[in-house]
Amino acid sequence: KVISNKNTLPILDYFLMELKGDQLKVTTSDLETTLVGQITVDNVESEGMIAAPAKQLLDSLKEFAEIPLTIDCNDQTFEIKLNWKSGSLSIPGASAVSYPALPALAEDKKELTFDVDTLVNGINKTIFATDDELRPIMNGVYINIEPASITFVATDAHKLVKYSSEQPSELTAAFILPKKPANLMKNLLPKEQGTVTIEFDERNAVVTLESYRMVCRLIEGRYPNYNSVIPQNNPYKVTVDRLQLIGALRRVSIFSSQASSLIKLRMQENQIVISAQDIDFSTSAEETQTCQYAGNPMSIGFKSTFLIDILNNISADEVVIELADPSRAGVIVPAEQEENEDLLMLLMPMMLND
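Basis of the calculations
Starting afresh in each chain, residues are numbered from 1 along the sequence in its written order. Only residues with pLDDT of at least 70 get local features here, since the model is predicted, and only at 80 or more are side-chain atom pairs given and counted; chain-wide, interface and lining totals rely on the full set of residues. Side-chain measures here rest on the full set of heavy atoms in the structure, leaving out hydrogens and waters. We call two strands paired when DSSP finds no fewer than two bridges between them. Helix and strand definitions follow DSSP, with helices as H or I runs of at least four residues and strands as E runs of at least two, each counted in order from the N terminus. In this description, a line fitted to the C-alpha atoms serves as the axis of each element, helices being fitted only across the stretch in contact, and the angle between N-to-C directions of two axes falls anywhere from 0 to 180 degrees. Contact criterion: two residues are considered in contact whenever any of their non-hydrogen atoms come within 4.5 Å of each other. Lining residues are defined by having an atom within 4 Å of a point belonging to a cavity or pocket. Those points lie on a 1 Å grid over the protein atoms alone, cavities being sets where a 1.4 Å probe fits but cannot get out and pockets being open sets with protein on both sides within 12 Å along at least five of seven lines. Grid points are joined across faces, edges and corners, and a volume is the space filled by probe spheres set on the points. Ten residues, namely Ala, Val, Leu, Ile, Met, Phe, Trp, Tyr, Cys and Pro, are considered nonpolar, four, namely Asp, Glu, Lys and Arg, are considered charged, and the remaining ones, Gly among them, are considered polar.

**Overview of the sheet that holds strand β19 (residues 283–290)**
Spatially, the four strands line up as an open sheet ordered β19-β18-β17-β20, and their pairing is antiparallel. Looking at the sheet topology across the chains shown, the edges are occupied by β19 and β20 (298–303). In this sheet, adjacent strand axes meet at a mean angle of 20° when their direction is disregarded. Sheet strands touched by helix α4 (residues 242–253): β17 (262–268), β18 (271–278) and β19. Its angle to β19, the strand with the most contacts, is close to 170°. With respect to the sheet, helix α5 (residues 304–312) is in contact with β17 and β20, its orientation differing from that of β20 by roughly 90°.

Right, here's the structure in full:
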C-alpha cells in the first residue's frame, strides 16, 4: 500500500527483498513513507538482496493457495524464479543497489511508547476529517503529547475532531502524522498487541511494531490553534439517539440540493425536525424525531454528508449536539464518554435561506 501510482524513481515500483539468516525483510517506499516488514523463512541456501517488481510479484502470489514456495534469485541476471510442487514462473528483478536508504533520525530524537489501543482509537476516530489537499498542514493527524494525556486532532476547516486519552508521559511534544502513514497504521495496528514505540525528530518519525517498521516524513509547520475554534458556551443542548438520527438524515438528505447537501435541523421542545428541499427539482422531505431538548426553538443548517460522517465515527448510542446560534459551529459529543477518554467533534454550519 506504500507504492505510489506515480513514482519519480523506477526502482520504487519494486520491493526491496533482503534475506539474512532465516529472516526475509521486504521494503517499499515512496520516498516519504517507507514500510519494512519481515517474515521467517523455512530454509536458506544463501543470503542476499534483490529488487522484485511489485505488481508482477503480487499479481502472481495472489493466485496461489497456501502452498510452499521456493524462491531462487540469480544475482548476475537478477532473474527471480518461483517454484512450487507443480510448476514454476520467472520474473525479471533488478539490482538492489539503487534502492534509496532509510532516513536516519537526528541524535536529539524523542521517543514515546504508546498503548496500542490509544493509538488505534486516536487514528480511527480522527482520520476521516483530514481531507484537505489544499493545505498540506491539515492533511494529517496532529498528535499532541502532554504529561497527563495524548490528544489527536484532525480538521479540514469544515469539520474538526479532537480525541484525548489519559496516558502519563514524560514528554511534552507534538507532530503531524501525514494521512498516508496514518492510514497504513490504521490497517497494521489492530494486529498488534501491547505497546508501540514511536521515535521522532523535527522531520521524520519511526514507528516500530512487532514485525513491521515504518519510517515517514512528518508534515512540517505550525498546526492551527484548534482550541480557539471550539465554541465554549453552548446553551442549546439536544440529546438524540445516534442511529435514529443517521437514518433520518439519510432519508431526508436524498431530497436536499445536490450542490450543497444542505439539511435543516429545527429543535423545539423534545423534538428535532430534519428537513431538506431542492428548489431546482421541486422536491422536499421532512422527518420528526424525539429528543431531549428544553430550550427555545432554534434552527441550524448543516451539510448532510459531513454530519452523517461525524455521527458514523462516534460509537455511543446517544449523542449530544451543543449549539450557540445558527452561525456558530455545532459541537457533537457522545452522551457518555468512554473511560479515560474525551471525544469532541465540531461541524461548521451552513447558512439557511429562510
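**Remarks on the layout of surface pockets**
Counted as a void, the largest pocket has a volume near 1900 Å³. What lines the largest pocket is a set of 47 residues, and nearest its centre among them are M17, L24, V26, I39 and I71. Those elements giving two or more residues to the lining of the largest pocket turn out to be β1 (14–20), β2 (23–29), β3 (33–40), β4 (48–53), α1 (54–62), β5 (70–73), β6 (79–84) and α3 (179–188). Per element, the largest residue contribution to the lining of the largest pocket is six residues, and it comes from β3. Taken together, the residues that form the lining of the largest pocket break down as 27 nonpolar, 11 polar and nine charged. Taken together, 20 residues make up the lining of the second largest pocket; nearest its centre are A174, F175, I176, E202 and G221.

**Regarding the sheet that holds β4**
Read from one edge to the other, the open sheet built from eight strands follows the order β4-β1-β2-β3-β15-β14-β13-β8, with strand pairing classed as antiparallel. Two strands close off the open sheet at either side, each with one partner strand: β4 and β8 (110–115). Ignoring strand direction, the axes of neighbouring strands in this sheet form an average angle of 20°. Pairing of β8 with strand β13 (residues 195–200) involves six bridges; the strand directions are antiparallel. Its bridge partner lying in β13, T113 is registered against T197. The strands touched by helix α2 (residues 116–126) are β8 and β13; relative to β8, the strand with the most contacts, the crossing angle is about 90°.

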